[in-house]
Amino acid sequence: MHSYEELTSAERQLWDAYHTGRLVDFRTGGAEDDPENGEGWGAERTVRATVVATLLLGANPEQPGHVPALRLAGARISGALDLSEADIGHGLWFEGCWFEQGLGLYGAATRTIEIKGSRLPGLNLTMARVAGRVVLRHTVLNGRLSLMNARLAGELMLSDAVVSHPGDWALVAGGLVMEGGLFCRRTIVHGGIRLLGAQLPGGLHMEQAQLHHPDGVALLADHAVVSTMTLSQGFTAEGTVSLRGAQITDQLTLDGAIVRADGTALDCARMQAGVFVFTPAEPPSGQVNLENARAMTVHDREDAWPDTVRLQGFTYGSLHESGDLRTTSVERRVAWIRRHPGYSAQPYEQLAVWYRQIGHDDDARRVLLAKQRHRRRTLGLPTRLGGHLLDATVGYGYRPWLAGVWLAALVLLGTTVFAIHTPRPAQPGQVPPFNPFIYTLDLLIPIGGLGQRTSWYWTGGATAWLSYALIAAGWILTTAVLAGITRTLNRN
């Protein structure tokens, strides 16, 4: 505790103004007011941290008709301002101030905290209860900002702030519960942001923010519950953005974002989002993981995706794409699926389901045909050969008209050749007249029943071999058609 007689002139000004909430401003209007110069400010604008704590803990009683508040501008706060576990009934406003040591509010209960345009070594709000907002606009924190398991009734405003704790977590807010949003517009962070399990009903807004944690995770919001997450308009992350298991009820947008990281750049495994907008300024330098994630709507662009996109288990309600549409949508989407490492059937099935939902059955069949062709690469040689046969003849059952094309071509070939070269009758004078067209059909139908094949025969030569080839082709086409029908029936 401090008596009034022990206070300096600057401290007495603050003491006298506190009980009415009047602002005490030590700024002169010159260049020396820059908080970067705060360490050199003299006694005329220096207030001891213990004096501030004494006021906030009730040393200067309230006056009827006034609401006390600590409002201080252009001051140098010397010493450690430690208010851990304190019950502070009034707000704190600092503007253009310089703090010698960090501000400690571990487990404290307080009202609105506003620190604007100031410099301080760190702020500890772990387990704190704030019945209002926490504002750090235009403030430089050369140390960690901790809000572990804190409770805020209002917003957390970090716009235009700089938080530096290189090589480690600069902002730690695991378990943070807020009624408002977290605003980090144009914020620069040297270190990582950790929002594990945070509840942000007002959203996470990081337009034009810059996160620098190249050897680790730049933004970790695993299992966070957020209304909307805006990582856009020049948002830059040097390090992984991890949203594993996050629940984003409205929209996640990376429009115009830049994410650079080795290994995994964007990890959205098991994430749930309403709308997922993925149109970054450039493809992430690392892979994107969407395994077992879900989005009601996806907006993307073909050139937005990196070389590796993990899509196993990713489900969505609708797809919307922008950009150069000279390539058909199906080809673009199949190329997107092929970015998944190895073969996985689910991404193809999911895409086919979506095409069916919008009434594009032909596109769905094209996707499923692409799936079979991709799967074929993983099989052994005999099975691959069989797959090529099914593909060429009936398109794995998704292009049954191919069998008709082959049949027409073979009928034309046989009819043309057999019209020039006539076989011998099996029983002269007792067989029907030779018809090259009917004879060719009789060869192609596995169970001959047109009377031509058994009535006429060849004694040798190329035409004999052609007839044998047509018989074999008939069996192959029939087998392929039956296999395709079976595949179709099993699919349905």
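1. Focus on the overall build of the protein chain
Thought 1: Along the protein chain, the regular secondary structure elements total nine helices and 37 strands.
Thought 2: Burial statistics for the protein chain: of 492 residues in total, 50% are counted as buried.
Thought 3: A separation of at least 24 residues holds for 45% of the contacts in the protein chain among residues at least 6 apart in sequence.
Thought 4: Accessible surface for the protein chain amounts to roughly 21,700 Å². Of this, 53% is attributable to carbon and sulfur atoms.

2. Some thoughts on helix α2 (residues 49–56)
Thought 1: Taken across its eight residues, α2 has seven buried, putting it largely inside the fold.
Thought 2: Restricting attention to buried positions, one finds in α2 the residues A49, V51, V52, A53, T54, L55 and L56.
Thought 3: Among the structural elements, α1 (9–18), β2 (46–48), β3 (70–73), β4 (76–78), β5 (81–82) and β6 (92–95) are those in contact with the buried residues of α2.
Thought 4: Downstream of α2 by a residue or two, G58 has a phi angle that is positive, lying close to 100°.

3. As for the packing of aromatic side chains
Thought 1: Here the structure, examined in full by the defined rule, presents nine aromatic pairs.
Thought 2: Centre to centre, the rings of F278 and W305 are 4.2 Å apart; their planes meet at 25°, and the pair counts as stacked. Taken as a pair, F278 in strand β31 (residues 272–278) and W305 in the loop between β33 (294–301) and β34 (309–310) lie far apart in primary sequence, 27 residues in all.
Thought 3: Judged by relative accessible area, which is 1%, F278 ranks as buried.
Thought 4: A relative accessible area of 4% means that W305 is categorised as buried.

4. Some details on the pattern of salt bridges
Thought 1: Going through the model one piece at a time under the given rule, you end up with 20 salt bridges.
Thought 2: Where R332 meets E321, a salt bridge forms, and the shortest distance between an N and an O atom there is 2.8 Å. Highlighted residues: R332 in helix α3 (residues 329–337) and E321 in strand β35 (residues 315–322), separated in sequence by 11 residues.
Thought 3: Judged by its relative accessible area of 4%, R332 falls in the buried class.

5. Some thoughts on the packing of α3 against helix α4 (residues 345–357)
Thought 1: Packing of α3 against α4 leaves a shortest axis separation of 10 Å and a crossing angle of 155°. The pairing of α3 with α4 is recorded here as roughly antiparallel in orientation. Between α3 and α4 lies a crossing whose hand is right-handed. Counting all contacts with α3, which are made through S329, V330, R333, V334 and I337, the residues of α4 involved are P347, Y348, L351 and Y355.
Thought 2: Residues belonging to the contact of α3 with α4 are distributed by class as follows: seven nonpolar, one polar and one charged.

6. With respect to unusual backbone geometry
Thought 1: One non-glycine residue, H138, lies in the positive phi region at around 55°.
Thought 2: Along the chain, H138 turns up in the loop between β14 (134–135) and β15 (140–141).
Thought 3: Overall, H138 belongs to the partly exposed group, its relative accessible area being 49%.
Thought 4: A positive phi is found at N149, a non-glycine position, where the angle reads about 55°.

7. Focus: the side chain of T236
Thought 1: By the secondary structure assignment, T236 is in strand β27 (residues 236–242).
Thought 2: Here T236 is in contact with A209, Q210, L211 and I258, once residues within four sequence places are set aside.

8. As for the packing of α3 against helix α5 (residues 361–376)
Thought 1: Packing of α3 against α5 brings their axes to within 10 Å, and their N-to-C directions diverge by 35°. The handedness of the crossing between α3 and α5 is right-handed. Every residue of α5 that contacts α3 at V330, E331 and V334 is listed here: D363, R366, V367 and A370.
Thought 2: Among the residues forming the contact of α3 with α5, the class breakdown is four nonpolar, no polar and three charged.

9. Some points on the nonpolar core
Thought 1: Counting residues in hydrophobic clusters, the biggest one holds 113 residues, and the most contacted among them are L72, F94, L147, M206, L243 and F276.
Thought 2: Of the residues forming this core, the biggest block, six residues, is contributed by α2.
Thought 3: With near-sequence residues (within four places) excluded, L147 lies in contact with L125, T126, L152, L156, L171, V172, A173, G174 and L176.
Thought 4: In terms of nonpolar packing, the next biggest core, distinct from the first, is built from seven residues, F418, F434, Y439 and L466 among them.

10. Structural notes on the pairing of β3
Thought 1: Relative to β3, strand β1 (residues 23–25) runs parallel, the two being bridged by three bridges. Within β3, the position partnered with V24 by the bridge is L72.
Thought 2: Pairing between β3 and β6: four bridges, direction parallel. From the neighbouring strand, R71 faces β6, where its bridge partner is W93.

11. A closer look at the environment of I445
Thought 1: Relative to the elements of secondary structure, I445 occurs in the loop between α8 (436–444) and β37 (456–457).
Thought 2: Note on I445: relative accessible area 38%, which makes it partly exposed.

12. Side note on the environment of R76
Thought 1: As for its placement among the helices and strands, R76 is situated in strand β4.
Thought 2: For the pair R76 and A43, spaced 33 residues apart in sequence, the C-alpha to C-alpha distance is 8.6 Å.
Thought 3: Those residues in contact with R76 that lie beyond four places of it in its chain are G38, E39, W41, R45, T46, V47, W98 and E100.

13. Regarding the environment of L70
Thought 1: For L70, the location among the structural elements is in strand β3.
Thought 2: Accessibility expressed as a relative area gives 0% for L70, which makes it buried.
Thought 3: Note: C-alpha distance between L70 and T20 (50 residues apart in sequence) is 9.1 Å.
Thought 4: Sequence-distant contacts of L70, defined by excluding residues within four places in its chain, comprise L14, Y18, V52, L56, G91, L92, W93 and F94.

Basis of the calculations
- Residues numbered from 1 in each chain as written.
- Predicted model: local features only at pLDDT ≥ 70, side-chain atom pairs only at ≥ 80, totals over all residues.
- Heavy atoms only, no water.
- Helix = DSSP H or I, 4+ residues; strand = E, 2+ residues; numbered from the N terminus.
- Buried < 20%, exposed > 50% of the residue type's maximum accessible area, 1.4 Å probe, protein only.
- Contact = heavy atoms within 4.5 Å.
- Areas by Shrake-Rupley, 256 points an atom, 1.4 Å probe, with all protein chains shown as cover.
- Phe/Tyr/Trp six-rings, centres within 6.5 Å; stacked < 30°, edge-to-face > 60°.
- Salt bridge = Lys/Arg side-chain N within 4 Å of Asp/Glu carboxyl O.
- Axes fitted to C-alpha atoms, helices over the stretch in contact; angles between N-to-C directions.
- Parallel < 35°, antiparallel > 145°, perpendicular 65-115°, else oblique.
- Left-handed = near helix turned anticlockwise from the far one by under 90°.
- Nonpolar A, V, L, I, M, F, W, Y, C, P; charged D, E, K, R; others polar.
- Core = buried A, V, L, I, M, F, W, Y, C linked by side-chain atoms within 4.5 Å.
- Pairing = 2+ DSSP bridges.

These results come straight from atomic positions and should not be treated as a statement about function.
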